[in-house]
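Okay, here's what each chain looks like letter by letter:
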Amino acid sequence: EKEDAVMLEFVYYRAREPNTPRLNQDYMEEIEQLLLTKYNGKPHWGKNRNFVFQDMERRALSVAKFMEVKHRLDAEGLFSSEWSD
């Protein structure tokens, strides 16, 4: 079934020091959570924040297919995360 879609992309820069917060991190997280929860958004598969993948089986139709392809093409787990393992 077709549905209307909008894609939003937020570019942000990370500091070299791992404990330094991203610029405007609190605003970005609020927007991200709003899009995921209120508007049933679907994150980019390459996101590295595990909470965005909570409940993905309900929100995305192709999770099983993605995992099948991911395991086949990334057999060594280079692009793995807690979510994909």
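A brief look at the structure comes next.

Cut-offs applied
- Residues numbered from 1 in each chain as written.
- Predicted model: local features only at pLDDT ≥ 70, side-chain atom pairs only at ≥ 80, totals over all residues.
- Heavy atoms only, no water.
- Helix = DSSP H or I, 4+ residues; strand = E, 2+ residues; numbered from the N terminus.
- Buried < 20%, exposed > 50% of the residue type's maximum accessible area, 1.4 Å probe, protein only.
- Patch = residues over 30% accessible without salt bridge, like charges linked within 9 Å, V, L, I, M, F, W, Y side chains within 5 Å.
- Areas by Shrake-Rupley, 256 points an atom, 1.4 Å probe, with all protein chains shown as cover.
- Salt bridge = Lys/Arg side-chain N within 4 Å of Asp/Glu carboxyl O.
- Core = buried A, V, L, I, M, F, W, Y, C linked by side-chain atoms within 4.5 Å.
- Contact = heavy atoms within 4.5 Å.

## Details of the environment of Phe 53
Next up, step 1: Mapped onto the elements of the fold, Phe 53 is located in the loop between α1 (25-37) and α2 (56-59).
Next up, step 2: Judged by relative accessible area, which is 3%, Phe 53 ranks as buried.
Next up, step 3: Along the chain, Phe 53 and Trp 83 lie 30 residues apart, while their C-alpha atoms are 6.9 Å from each other.

## Points about a nonpolar patch on the surface
Next up, step 1: On the surface, Val 6, Leu 8, Phe 10 and Ile 31 cluster together to form a nonpolar patch covering roughly 390 Å² of accessible area.
Next up, step 2: Among the structural elements, Phe 10 can be located in the segment before α1.
Next up, step 3: A residue is classified by how much of its surface remains accessible, and Phe 10, at 40% relative accessible area, is partly exposed.

## Section: the nonpolar core
Next up, step 1: Listed in full, the seven residues of the largest apolar core are Leu 36, Val 52, Phe 53, Met 56, Val 63, Met 67 and Trp 83.
Next up, step 2: Beyond its immediate stretch of four places on either side in the chain, Met 67 contacts Trp 83 and Ser 84.

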